[in-house]
Amino acid sequence: MSKVVVTGGAGFIGSHLVERLVADGHDVVTIDNLAVGRRSNLRAVERNGHFSFHALDLNDPSAAALFAGAHTVFHLAALADIVPSIERPESYFRANVDGTFAVVECARRSGVRRIVYAGSSSCYGIPDFYPTPETAEIRPQYPYALTKYLGECIALHWGKVYGIPSVSLRFFNVFGPRARTSGTYGAVFGVFLAQKLAGKPFTVVGDGTQTRDFTYVSDIVDGIVAAADSDVKDEAINLGSGGTYSINELVGLLNGPVQYIPKRPGEPDSTFADVTKAKRLLNWEAKVSFAEGVRSMLEHIDDWRDAPVWDAESIHKATEAWFRHLSTA
Ligand code: UDP
């Protein structure tokens with residue numbers, strides 16, 4: 001049992017990680033500025049004596065004291081989504097780059113023993129190979145992808161220079177209960193589940209044959225814990241499901257009518273992780289099948305009751321900056 005810090009602990013993946021770490025008997029200090037995260041995501045651990053919550057921005061100097069005596073820092077706090085990162089790049093740099101710098105500095109000054117960084121498969125952009133290994137060229141297509149990659153560079157650099165064992169895990173299309181339900185247009189599951197509840201058609205991009213490496217959140221949490229418990233350092237490691245699934249397959253499992261909307265520039269036709277490195281270094285592989293994961297989302301569909309219901313027209317407006325700024329290269 002040890003003290004650990006989880007940044008972004010009120011977010012989708014962060015809240016699942018916090019639950020797991022508390023269940024494993026750690027003292028979990030959770031920091032989140034609630035820009036994206038929600039207190040309600042932490043309901044299950046709220047009263048647990050091994051859990052504490054601090055509504056604080058990582059760039060706030062008073063966050064430093066919270067790292068004292070921590071063994072491991074799990075740095076998940078970040079702004080997500082493509083469109084707002086194109087419209088407001090400065091907020092993404094402050095949150096994802098400066099925020100990571102603040103965390104690694106706090107970790108260094110507090111003598112933290114290990115950093116686990118939540119990386120993103122978006123660093124691969126449109127890759128040349130599937131499944132995509134960690135050695136693939138880095139090709140961020142928009143500021144979100146760039147800032148998450150810069151955060152990874154910072155986390156791994158601090159690991160090397162200051163001797164704090166550091167690992168970045170590049171998550172592929174994570175889904176599961178509590179996947180963000182409000183705010184900006186993004187992640188397909190939230191969009192489709194809200195449309196299903198409203199009896200509206202699924203807005204399928206392109207012809208729906210594009211595929212994504214949809215990875216269930218409990219598998220991602222297992223991978224994060226495996227990385228924390230390992231002695232692996234200085235590495236970026238893909239965490240993916242081991243498969244890749246088309247949007248048409250997703251529509252088939254969710255079952256409902258479809259409306260087709262235009263393909264976006266800069267979107268890969270596929271995301272598909274080569275997970276050989278995770279197997280070798282972390283002895284990790286995903287366990288939850290795509291069908292099981294989708295079934296569990298349908299069991300939790302009420303979570304999307306208050307989510308915005310997007311349609312072709314509102315998506316057209318919301319993605320205007322995307323079409324304007326990204327090339328079709
Ligand atoms: N997608 C879709 N309809 C939507 C939103 C997304 O068909 O309303 C598709 C999108 O084209 C992509 C996949 O769902 O192929 C996953 O999109 P998401 O934004 O969740 O992840 P990313 O594209 O960043 O991998």
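Residues numbered from 1 in each chain as written. Predicted model: local features only at pLDDT ≥ 70, side-chain atom pairs only at ≥ 80, totals over all residues. Heavy atoms only, no water.

> Would you mind going over the overall build of the chain with me for this structure?
Scanning the chain from N- to C-terminus turns up 11 helices and 13 strands. Computed over its C-alpha atoms, the radius of gyration of the chain comes to 19 Å, within 12% of the 20 Å expected for a compact globule of 329 residues. With the principal axes as the frame, the chain shows a C-alpha extent of 55 × 45 × 35 Å. The proportion of buried residues among the 329 residues of the chain is 54%. Contacts spanning at least 24 positions in sequence make up 82% of the contacts within the chain whose residues lie at least 6 apart. Per element, the accessible surface of the chain, about 14100 Å² overall, is 51% carbon and sulfur. For the chain, the centre of its 32 positive side-chain charges and the centre of its 37 negative side-chain charges are spaced 2 Å apart. (Helix = DSSP H or I, 4+ residues; strand = E, 2+ residues; numbered from the N terminus. Rg over C-alpha atoms; globule rule 2.2 N^0.38 Å. Buried < 20%, exposed > 50% of the residue type's maximum accessible area, 1.4 Å probe, protein only. Contact = heavy atoms within 4.5 Å. Areas by Shrake-Rupley, 256 points an atom, 1.4 Å probe, with all protein chains shown as cover. Lys, Arg positive; Asp, Glu negative; His and termini not counted. Charge placed at Lys NZ, Arg CZ, Asp CG, Glu CD.)

> Sorry if this is basic, but what is going on with the site of the ligand here?
Of all residues adjacent to the ligand, which total 13 residues, the nearest are Tyr185, Val188, Thr203, Val205 and Arg212. Take threonine 203: an N or O atom from its main chain is 2.5 Å from a nitrogen atom of the ligand. One of the side-chain N or O atoms of glutamine 210 is found 3.1 Å from an oxygen atom in the ligand. A total of 520 Å² of accessible area belongs to the ligand in isolation, and the protein chains cover 88% of it. Of all the elements in the fold, those that place two or more residues in the shell around the ligand are helix 5 (188-197) and strand 8 (202-205). Considering only residue class, the shell around the ligand consists of 8 nonpolar, 3 polar and 2 charged. (Near = heavy atom within 4 Å. Polar contact = N/O pair within 3.5 Å; in protein donor to acceptor, adjacent residues only side chain to side chain. Nonpolar A, V, L, I, M, F, W, Y, C, P; charged D, E, K, R; others polar.)

> Help me out: how do you make sense of the packing of helix 3 (residues 89-110) against helix 4 (residues 143-162) in this one?
When two helices pack together, you describe them by how their axes are tilted relative to each other and by the distance separating the axes. Their axes nearest at 9 Å, the elements helix 3 and helix 4 cross at an angle of 15°. Here helix 3 is positioned roughly parallel relative to helix 4, judged by the angle of their axes. Both helix 3 and helix 4 take part in a crossing whose hand is right-handed. On helix 4, the residues touching Pro89, Tyr92, Phe93, Asn96, Val97, Thr100, Phe101, Val104, Glu105 and Arg108 of helix 3 are Pro143, Tyr144, Leu146, Thr147, Lys148, Leu150, Gly151, Ile154, Ala155, Trp158 and Tyr162. Looking at the contact of helix 3 with helix 4, its residues break down into 14 nonpolar, 4 polar and 3 charged. (Axes fitted to C-alpha atoms, helices over the stretch in contact; angles between N-to-C directions. Parallel < 35°, antiparallel > 145°, perpendicular 65-115°, else oblique. Left-handed = near helix turned anticlockwise from the far one by under 90°.)

> So what exactly am I meant to see when it comes to the environment of glycine 186 here?
You can see glycine 186 is positioned in the loop between strand 7 (174-175) and helix 5. The spatial distance from the C-alpha of glycine 186 to the C-alpha of valine 83 is 8.1 Å, given a sequence separation of 103 residues. Residues in contact with glycine 186, not counting those within four places in the same chain, are Asp81 and Val191.

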